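# Per-entry structural report
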Amino acid sequence: MIPSIEKDSLEQIKNFQEQKLAELLTYISHNSPFYKRLFAGQNIDISKIKTLEDLQHLPVTTKEDLQQYNDDFLCVPQHKIIDYASTSGTLGDPVTFGLTDSDLDRLAYNEAISFACAGIEEGDVVQLMTTIDRKFMAGLAYFLGLRKLKVGVIRVGAGIPELQWDSILKYKPSYLITVPSFLLKLIEYAEAHGIDYNNSSIKGAICIGESLRNQDFSMNILSSKITEKWNIKLFSTYASTEMSTAFTECEHGVGGHHHPELIIVEVLDENNIPVKEGEIGELTFTTLGIEAMPLLRFKTGDIVQLHNDPCACGRNTLRVGPVVGRKKQMIKYKGTTLYPPAMNDVLSGFDNIENHIIEISTNDLGTDEILIKIAVKNQTPEFLQEIKDHFRAKLRVTPKIEFAAKETLNPMVFNPMSRKPIRFFDYRV
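The shown structure was predicted, so the numbers you read here are calculated from the model rather than taken from an experiment.

Cut-offs and rules
Residues numbered from 1 in each chain as written. Predicted model: local features only at pLDDT ≥ 70, side-chain atom pairs only at ≥ 80, totals over all residues. Heavy atoms only, no water. Disulfide = S-S within 2.5 Å. Buried < 20%, exposed > 50% of the residue type's maximum accessible area, 1.4 Å probe, protein only. Domains from an automatic or database assignment. Contact = heavy atoms within 4.5 Å. Buried area = accessible area lost by both parts, 1.4 Å probe. Salt bridge = Lys/Arg side-chain N within 4 Å of Asp/Glu carboxyl O. Helix = DSSP H or I, 4+ residues; strand = E, 2+ residues; numbered from the N terminus. Phe/Tyr/Trp six-rings, centres within 6.5 Å; stacked < 30°, edge-to-face > 60°. Lys NZ or Arg CZ within 6 Å of the ring centre and 35° of its normal. Pairing = 2+ DSSP bridges. Axes fitted to C-alpha atoms, helices over the stretch in contact; angles between N-to-C directions.

Turning to the state of the cysteines, a few remarks are in order. According to the stated counting rule, one finds 0 disulfides in the structure shown. Counting only cysteine sulfurs, Cys250 is the nearest neighbor of Cys117, a cysteine outside any disulfide, at a range of 5.3 Å. Note on Cys117: relative accessible area 3%, which makes it buried.

Here we come to the domain arrangement of the chain. Each assigned domain of the chain is listed with its residue range as follows: domain 1 (1-325) and domain 2 (330-427). On a C-alpha basis, the centres of domain 1 and domain 2 stand 28 Å from each other. Listed per partner, the contact involves 20 residues of domain 1 and 14 residues of domain 2. For the pair domain 1 and domain 2, the two sides together bury roughly 1,300 Å², of which 56% comes from carbon and sulfur.

So, about the pattern of salt bridges. All told, the structure shown has 24 salt bridges when counted by the stated rule. Its salt-bridge partner being Arg297, residue Glu266 comes within 2.9 Å of it at the nearest N-O pair. With Glu266 in strand E10 (residues 263-268) and Arg297 in the loop between strand E11 (280-287) and strand E12 (298-307), this pair connects stretches of sequence that are 31 residues apart. Arg392 is the salt-bridge partner of Asp389, the closest N and O atoms lying 3.1 Å from each other. Here Asp389 pairs with Arg392, and both are found in helix H10 (residues 381-395), just 3 residues apart, close to one helical turn. Judged by relative accessible area, Arg392 falls into the partly exposed class, the value being 43%.

Before going further, it helps to spend a moment on the environment of Lys148. Tracing the chain through its elements places Lys148 in helix H5 (residues 137-148). Note on Lys148: relative accessible area 45%, which makes it partly exposed. Between the C-alpha atoms of Lys148 and Glu122, which are 26 residues apart in sequence, the distance is 9.3 Å. Among all residues touching Lys148, those that are not within four sequence positions of it are Ala108, Tyr109 and Ala112.

Bringing the packing of aromatic side chains into the picture now. Applying the stated criterion across every chain, the model contains 11 aromatic pairs. Both rings, one in Phe34 and one in Tyr35, keep their centres 5.1 Å apart while their planes meet at 85 degrees; by these two values the pair is edge-to-face. Classification of Tyr35 by relative accessible area gives buried; the value is 0%. Between Phe285 and Phe298, the ring centres sit 5.4 Å apart and the planes meet at 50 degrees, which makes this aromatic pair tilted. A residue pair is termed long-range when its members are at least 10 positions apart, and Phe285 in strand E11 and Phe298 in strand E12 qualify at 13 residues. We classify Phe285 as buried; its relative accessible area is 1%. In this structure, Arg37 packs its charged tip against the face of Tyr69, placed 5.1 Å from the ring centre. Positioned above the aromatic ring of Phe143, the side-chain terminus of Arg155 is 6.0 Å from the ring centre.

What follows deals with the sheet that holds strand E19 (residues 400-403). Strand order in the open sheet formed by 4 strands is E19-E18-E17-E20, with mixed pairing between adjacent strands. Only two strands of the sheet have a single partner each, and these edge strands are E19 and strand E20 (424-426). On average, each strand axis in the sheet is inclined to that of its neighbour by 20 degrees, with strand direction left out of account. In this structure, strand E18 (residues 368-376) lies alongside E19, joined through 4 bridges in parallel fashion. When the bridges of E19 are listed, Lys373 appears paired with Glu402. In the packing of helix H9 (residues 340-348) onto the sheet, contacts are made with strand E17 (353-362), E18 and E20, and the angle to E17 comes to roughly 150 degrees.

This is the structure in structure tokens:
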């Protein structure tokens, strides 16, 4: 199920997107109070925006804009809103998104082609191991997309390994949708209870919320630890509530595929100028086909690299590489630029570590300070030194690391109000 546009030539894809961009600009200039005000205030003539390159002449939209003027982004009257979703609020106050009936159809289409990209097809059964309540758009999107694919869905929800295994053994799903680190808990439970997980029905897992790959697309420590024990295929995804669109890997595992009928993608530098091909920058998108809350040049805060070489699967669309880090989570430590994913990856290599958090604060000199708290099975000074040496070897710096009780860290990491594990706490001034 590859949409024809994803096999079109790059010129055809560009022409299509430029036509859709013109339609979007007309739509938001008439219907969005926020963009009406923005265009008028900056004397923007949308008729002069003809090409994707012309996007540079338009202002960007930020998370702060959404937080400050949330309701002004709505382009439809309230009675047309069928579903209310909200962002997770990882980097600030949550933002509410309304979706119309048409938007829900678009959401279902997006997930259907994304799951098909990962090899899920009619006749499969999929176990949904994420929440579908608490205004979580992704949980609803997964269900709608699987239904559109005519795939069976088992809505187990998050957590509770025993319940997950009971369901796997009873209903025999072929795929799981889950946070990848939870797969390690499934393996641990199976080993403790004599479940032959490598002879289960599971063929693969669509993984959300955590990275599976290094920048060269090799498996990172987390995905390696999973697949060394469990012979299943892991597929990485990248998405957000704001974009209502997913970038999902195909079987070749070389980045999340772009759906050009749904979204325009840019990668921008600090001055909101597109970076050169192959360079990293902030992923910025413009949504296509959204009725209630379309966004123009929205800056995600995620630092990524785009890949434009053709994929062996036959798609000609660009691909989004693993997220390097979040712009707001960038840390300058002893002259080195760090992002939490790199530190998480170092810590994932130690089986003795049961849980961890990373705390960033501002020291007396006004610079960033890092404190990593780890809960371990066996506390020794030698193990602490081993971790510090590993940090020095991998990242060239050694943050402050201290032991903590698992009972202290677990409620912080697995906050019942959060949809995914929280391991980064930013206390900087």
